[in-house]
Amino acid sequence: MAETSLGDLTRAFGRVGLLSFGGPAAQIALMHKVLVEERGWLTEAKFLRALSFCMLLPGPEAMQLATYAGWRLRGVAGGVLAGTLFVLPGAVVIAALALLYARFGTVPETQALLLGVKAAVIVIVAQALIRLSRKALRGRSDLLLAALAFVALFAFSLPFPLVIALAALWGFATTTAPADALPPPGPRATPLPVLALWAALWLLPLPVLALLGQTLLFDLARFFATLAVVTFGGAYAVLAYMAQEVVSERGWLDATQMVDALGLAETTPGPLILVTQFVGQLTGHGAGGAWFGLLAGLLTLWMTFVPCFLWIFAFAPHVERLLARPRLQGALAAITAAVVGVIANLSLWFAIHVLFDRVGALETGPLSLPLPDPASLNLQAAGLIALAGLLMIRLNRGIPLTLLLVSAAAWGLSQLL
């Protein structure tokens, strides 16, 4: 097969980036159609191995799959091009939405539209939870891991990285199958100086911001760099941890803004983890205005996505060796089971803050539970959630159409009531 040109890569992944609505499953399906069925750049077996490999890595698996495909076809330049085009359209939309939200987010009409978006997102997250549960929970030990992860986060507010690390250690320690014969490394191992350059580029903002005395930007960069290392299991898995840190621990946003951020991120193309850009930009906007907010958003993008390139370029030549290690697969399976509990925690936290206007806390020793006020139940939100469920589950409508119809219904109700 002739070498794929950078122009062909640009056209293919530009299309993928513009059309990648609907979360990781829809994005991966779109890439399969383009890369395997239409272009024939990857075989079915290579595509599936690449997907399994990307699920081993922290970060958004769909973006890393795009980066891997670009690397496979045209090396580092191809990987950078494919990964950037996958993220760029959504990043531009998120930047615009964050600017509009900062300016008009408290306007009643905007709040009505956002209520519709959030109602639909509750159903979207619930569907993601059901799909993942069917794949990940294959026995009692998986169910126990999921339940323990849920309780640890929802009832005791344990740190997300700790929960994931304990699950990985359990899976690694309890897997006893012998390793397959390890194949040799791939033919195009990335030179160490190139990997060192990417690592330096990723972490460069930290010392620069520290020297400049930019405390907020430094804190944002450090937090999202840490987040990039622990985002196993996809965006839904890490959002609860991010919400806990951003709202409860750091006070950068309030709970309503965090819920709005997730809702708006669902309306854009690209990986859902772009919600980090929205959070960073809104935090910066609140501290220093629109331009400072845009700078904070760009910084957040950098700290979130540059390590994705680093992971791919470092480990892609060793895909076969990584996938041949049963203990590594056991750790991944345990993480995936725990992520079911993590997403259940996110779903319940999100639903509580959408359905109730006032949410307190019940704290006794290490126990810390959200405590909604029953008198503040939002019946309009409950009705919109039911409408979203009807559209997506009963009528099998897609995410973009559901978001549009439920938001329109929310706005219409706001005009009538």
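Preceding this paragraph is the structure being described.
Just so you know, these numbers come straight off a predicted model, no measurement behind them. (Residues numbered from 1 in each chain as written. Predicted model: local features only at pLDDT ≥ 70, side-chain atom pairs only at ≥ 80, totals over all residues. Heavy atoms only, no water.)

Peer 1: Where do I start with the side chain of Gln-281 in this structure?
Peer 2: Structurally, Gln-281 can be placed in helix H13 (residues 275-315). Gln-281 has contacts with Ile-94, Ala-95, Ala-98, Leu-99, Gly-293, Leu-294, Ala-296 and Gly-297, leaving out every residue within four places of it along the chain. (Helix = DSSP H or I, 4+ residues; strand = E, 2+ residues; numbered from the N terminus. Contact = heavy atoms within 4.5 Å.)

Peer 1: Sorry if this is basic, but what is going on with the packing of aromatic side chains here?
Peer 2: Two measures describe an aromatic ring pair: the distance that separates the ring centres and the angle between the ring planes. Scanning the entire structure with this criterion turns up nine aromatic pairs. Centroid distance Phe-150 to Phe-154: 5.3 Å. Interplanar angle 10°. Geometry classified as stacked. Separated by four residues within a single helix, Phe-150 and Phe-154 lie in helix H6 (residues 140-154), roughly one turn from each other. Phe-150 gets classed as partly exposed once you look at its relative accessible area, which sits at 24%. When the ring of Trp-202 is compared with that of Trp-311, the centres are 5.8 Å apart and the planes differ by 80°; the resulting orientation is edge-to-face. Taken together, the positions of Trp-202 in helix H8 (residues 192-203) and Trp-311 in helix H13 put the pair 109 residues apart, joining distant regions of the chain. Connected via pairs of aromatic rings, a cluster forms that spans Trp-198, Phe-309 and Phe-313. The side chain of Arg-327 reaches across the aromatic face of Phe-172, ending 5.4 Å from its centre. (Phe/Tyr/Trp six-rings, centres within 6.5 Å; stacked < 30°, edge-to-face > 60°. Buried < 20%, exposed > 50% of the residue type's maximum accessible area, 1.4 Å probe, protein only. Lys NZ or Arg CZ within 6 Å of the ring centre and 35° of its normal.)

Peer 1: What should I look at first to understand the pairing of strand E1 (residues 359-364) in this one?
Peer 2: Along any regular strand the residues' side chains alternate between the sheet's two faces. E1 sits mainly on the outside: zero of its six residues count as buried. Relative to strand E2 (residues 367-372), E1 runs antiparallel, the two sharing six bridges. When the bridges of E2 are listed, Val-359 appears paired with Pro-372. Once E1 ends, the chain turns through two residues before running back antiparallel as E2, passing Gly-365 with a positive phi of about 60°. (Pairing = 2+ DSSP bridges.)

Peer 1: Where do I start with the state of the cysteines in this structure?
Peer 2: As used here, a disulfide is simply a covalent bond connecting the sulfur atoms of two cysteines. Enumeration according to the criterion identifies zero disulfides in this entry. Here Cys-54 stays unpaired: no disulfide links it, and the sulfur of Cys-308, its closest cysteine neighbor, is 9.7 Å away. On the basis of relative accessible area, Cys-308 is assigned to the buried category, the value being 2%. (Disulfide = S-S within 2.5 Å.)

Peer 1: Is there a simple way to think about the packing of helix H7 (residues 160-174) against helix H15 (residues 326-355) in this case?
Peer 2: If you want to describe how two helices pack, look at the angle between their axes and the distance between the axes. Across the interface, H7 lies against H15 with an axial gap of 7 Å and an inter-helix angle of 140°. Classed by the angle they form, the pair H7 and H15 counts as oblique. Crossing hand, H7 versus H15: right-handed. Within the contact between the two elements, H7 uses Phe-160, Ile-164, Ala-167, Ala-168, Gly-171, Phe-172 and Ala-173 and H15 uses Arg-327, Leu-328, Gly-330, Ala-331, Ala-334, Ile-335, Ala-338, Val-339 and Val-342. In the contact of H7 with H15, the residues fall into 13 nonpolar, two polar and one charged. (Axes fitted to C-alpha atoms, helices over the stretch in contact; angles between N-to-C directions. Parallel < 35°, antiparallel > 145°, perpendicular 65-115°, else oblique. Left-handed = near helix turned anticlockwise from the far one by under 90°. Nonpolar A, V, L, I, M, F, W, Y, C, P; charged D, E, K, R; others polar.)

Peer 1: Honestly, the packing of helix H16 (residues 379-394) against helix H17 (residues 399-416) in this entry has me stumped. Any pointers?
Peer 2: Where H16 meets H17, the axes come as close as 10 Å, and the angle between the chain directions of the two elements is 150°. What the angle tells us is that H16 and H17 run roughly antiparallel. As H16 runs across H17, the sense of the crossing is right-handed. Between H16 and H17, the residues in contact are Gln-380, Leu-384, Leu-387, Ala-388, Leu-391 and Met-392 and Ile-399, Thr-402, Leu-405, Val-406, Ala-409, Ala-410, Leu-413 and Ser-414, respectively.

Peer 1: Any chance you could explain the side chain of Thr-283 here in plain terms?
Peer 2: Secondary-structure assignment places Thr-283 in helix H13. Exposure remark for Thr-283: the relative accessible area of 6% places this residue in the buried category. A distance of 2.7 Å separates a polar atom in the side chain of Thr-283 from the backbone oxygen of Val-279. Setting aside chain neighbours within four positions, we find Thr-283 in contact with Leu-216, Leu-220, Trp-252 and Leu-253. (Polar contact = N/O pair within 3.5 Å; in protein donor to acceptor, adjacent residues only side chain to side chain.)

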